[in-house]
Amino acid sequence: DSIGESIENDRIKLQGDMKAFGREFVSKFNSWHKDDAAKIWTFGCAPYGKPNILVDQTKGVDYLDKIRASICQGFIQVTSG
């Protein structure tokens, strides 16, 4: 399956330890690096935007953890159609 199909069919779910998730994700989709997979913040909103992925690719950004929830909520709203 492709990444999009796996997300749509709930074969991939964001839960638990993100490092462990990253390793599992990379074992299924070897085109991803484990560090990138561990920085997945959220998937898009069902039904049409679910296969979209928001990944933190920032380096050295202060206080990003303070606004993470707002960024994820905005991403989900945008992908909801």
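J.: Provide a residue-level description of the overall build of the protein chain, including the pertinent values.
T.: Scanning the protein chain from N- to C-terminus turns up four helices and two strands. Order of helices (α) and strands (β) in the protein chain, N terminus to C terminus: α-α-α-β-β-α. The C-alpha atoms of the protein chain give a radius of gyration of 13 Å, which matches the 12 Å a tight globule of 81 residues would have. Principal axes of the C-alpha set define a box for the protein chain whose edges measure 35 × 30 × 20 Å. Of all 81 residues assigned to the protein chain, the portion counted as buried reaches 28%. Long-range contacts, defined as pairs at least 24 residues apart, comprise 36% of the intrachain contacts of the protein chain with a sequence gap of at least 6. A distance of 4 Å separates the average location of the 11 positive side-chain charges in the protein chain from that of its 11 negative side-chain charges.

J.: Please provide a residue-by-residue account of the environment of Asp 62, values included.
T.: Along the chain, Asp 62 turns up in the loop between β2 (53–55) and α4 (64–79). Distance in space between the C-alpha atoms of Asp 62 and Val 26 is 28 Å, their sequence separation being 36 residues.

J.: Help me get a handle on the environment of Ile 12, residues and values and all.
T.: Structurally, Ile 12 is set in the loop between α1 (3–8) and α2 (18–28). Taking the relative accessible area as the measure of exposure, Ile 12 reaches 6% and is therefore buried. For the pair formed by Ile 12 and Glu 24, sequence separation is twelve residues and the distance between their alpha carbons is 9.4 Å. With sequence-adjacent residues up to four places away left out, Ile 12 is seen in contact with Ser 6, Ile 7, Phe 21, Phe 25, Phe 29 and Phe 43.

Rules and cut-offs
- Residues numbered from 1 in each chain as written.
- Predicted model: local features only at pLDDT ≥ 70, side-chain atom pairs only at ≥ 80, totals over all residues.
- Heavy atoms only, no water.
- Helix = DSSP H or I, 4+ residues; strand = E, 2+ residues; numbered from the N terminus.
- Rg over C-alpha atoms; globule rule 2.2 N^0.38 Å.
- Buried < 20%, exposed > 50% of the residue type's maximum accessible area, 1.4 Å probe, protein only.
- Contact = heavy atoms within 4.5 Å.
- Lys, Arg positive; Asp, Glu negative; His and termini not counted.
- Charge placed at Lys NZ, Arg CZ, Asp CG, Glu CD.

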